[in-house]
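Architecture and fold: a report
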Amino acid sequence: MKPIIFSLLLLLQFFIGVIFAQQDGDQVTVLASGPMNLSGWSVFLLAAVVFAAGFYWQRKLSVERARTEDVRAELDVVKAELEQKTLELQQLATVDFLTGLYNRPKLEESLQSELDRAERYKLMFGVVLFDIDLFRQVNDTYGPDVGDRVLQEIAELLACNTRLTDTAGRWGGEEFIIICSETEETGLLRFAEKLRGIIESYDFPTIEKRTASFGISLFHQGDDKRAIVGRAEEALCRAKEGGRNRVELKR
């Protein structure tokens with residue numbers, strides 16, 4: 001806008017100068033403009049050129065500003081796409097692709113954090129490890145697609161029946177684990193028994209009924225990941241040996 005305003009002021013100066021000028025042949029001395037002796041048409045032409053130049057640069061500036069806004073909008077789109085891809089990569093690194101639950105690396109990370117917290121603040125928590133009874137028969141009889149669907153159904157049951165403070169995931173194969181924060185022995189047993197009953201009464205697609213066996217361990221001061229999960233695995237083996245579809249605790 002500044003070049004245009006300057007041009008308009010120059011034109012105004014010219015016309016004011018004409019009004020107060022002293023005629024000298026075809027020459028006009030523009031009093032308002034100081035000691036400048038130019039013909040009236042020369043001054044007018046100069047003002048017109050300046051005005052046209054200001055108008056041109058104003059239009060060019062508007063075009064460049066619009067182009068800059070377009071580039072900024074494109075960059076915002078690219079940034080959003082990069083953020084989405086980053087989120088997807090993070091999910092791939094922490095989530096089991098089949099069930100949508102946490103995968104083993106993420107579970108081990110969460111378990112270590114819970115161990116550190118329990119050790120520091122003298123808190124109690126427990127681990128529930130379970131697997132689907134006779135799962136190999138499902139794959140052998142109905143095929144792996146049906147087996148995958150059973151695992152997905154189990155994952156949905158876990159998502160609907162665990163607390164927000166719990167961490168549930170696929171430990172491997174048909175094994176699942178739940179890290180139950182700030183939970184005593186009684187609460188842990190009650191939760192595992194409830195989950196066992198839910199799975200037993202659930203109607204799975206194609207296979208209809210299936211059971212699961214559970215092993216439980218509670219945190220001991222000085223535990224590491226291997227120790228607490230190892231006790232849960234021992235309890236799970238005992239549940240299998242005891243006839244399956246049961247809950248066992250390893251103290």
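These notes cover the structure that comes with them. In every chain, residue numbers begin from 1 and rise along the written sequence. Reporting in this predicted model follows two pLDDT cut-offs: at least 70 for local features of residues, and 80 or more for side-chain atom pairs to be given and counted; totals over whole chains, interfaces and linings ignore these cut-offs and use all residues. Just so you know, side-chain values use all the structure's heavy atoms and leave hydrogens and water out.

**Focus on the packing of aromatic side chains**
In summary, the pairing rule links any two rings of Phe, Tyr or Trp, Trp by its six-membered ring, whose centres are within 6.5 Å, and it sorts them by plane angle into stacked for under 30 degrees, edge-to-face for over 60 and tilted for everything else. Evaluated as defined, the whole model comprises four aromatic pairs. Ring geometry for F125 and F219: centres 5.4 Å apart, planes at 20°, overall stacked. Placement of F125 in the loop between α3 (104-121) and β4 (126-132) and of F219 in the loop between β7 (212-218) and α7 (225-241) is noted, with a sequence separation of 94 residues between them. No difference in accessibility class separates F125 from F219, as the two residues are buried. Judged by centre distance (4.7 Å) and plane angle (25°), the ring pair of F130 and F214 falls under stacked. Remark: F214 occurs in strand β7 and F130 occurs in strand β4; sequence separation between them is 84 residues. A 1.4 Å probe rolled over the protein chains alone gives each residue an accessible area, and that area as a share of the maximum for its type sets the label: buried under 20%, exposed over 50%, partly exposed in between. Residue F130 is classed as buried on the basis of its relative accessible area of 0%. Of the residues examined, F214 reaches a relative accessible area of 0% and is grouped as buried. Taken together, F130, F176 and F214 form an aromatic cluster joined through their ring pairs. Stacked on the ring of W171, the Lys or Arg R104 has its end atom at 4.0 Å from the ring centre. The helix and strand labels rest on DSSP assignments: H or I over at least four residues marks a helix, E over at least two residues marks a strand, and numbering proceeds from the N terminus. Working rule: Lys NZ or Arg CZ, within 6 Å of ring centre, within 35 degrees of ring normal, means a charge sits over the ring.

**Here's the deal with the packing of helix α4 (residues 135-142) against helix α5 (residues 144-161)**
In the contact formed by α4 and α5, the axes pass within 7 Å of each other and the chain directions differ by 140°. When the axis of α4 is compared with that of α5, the two are oblique. Across the interface between the two elements, F135, V138, N139 and Y142 from α4 touch P144, V146, G147, V150 and L151 from α5. Each residue gets one label: Ala, Val, Leu, Ile, Met, Phe, Trp, Tyr, Cys and Pro are nonpolar, Asp, Glu, Lys and Arg are charged, and the others, such as Gly, are polar. Considering only residue class, the contact of α4 with α5 consists of seven nonpolar, two polar and no charged. Helix axes use the C-alpha atoms of the stretch in contact, all axes being lines fitted to C-alpha atoms, and the angles between their N-to-C directions lie in the range 0 to 180 degrees. We call two directions roughly parallel when the angle between them is under 35 degrees, roughly antiparallel when it is over 145, roughly perpendicular when it lies between 65 and 115, and oblique otherwise. Here a residue-residue contact requires only that any non-hydrogen atoms of the pair lie within 4.5 Å.

**Some details on unusual backbone geometry**
Its identity is not glycine, yet K122 carries a phi of approximately 60°, on the positive side. Relative to the elements of secondary structure, K122 occurs in the loop between α3 and β4. With a phi close to 50°, E182 is a non-glycine residue in the positive phi region.

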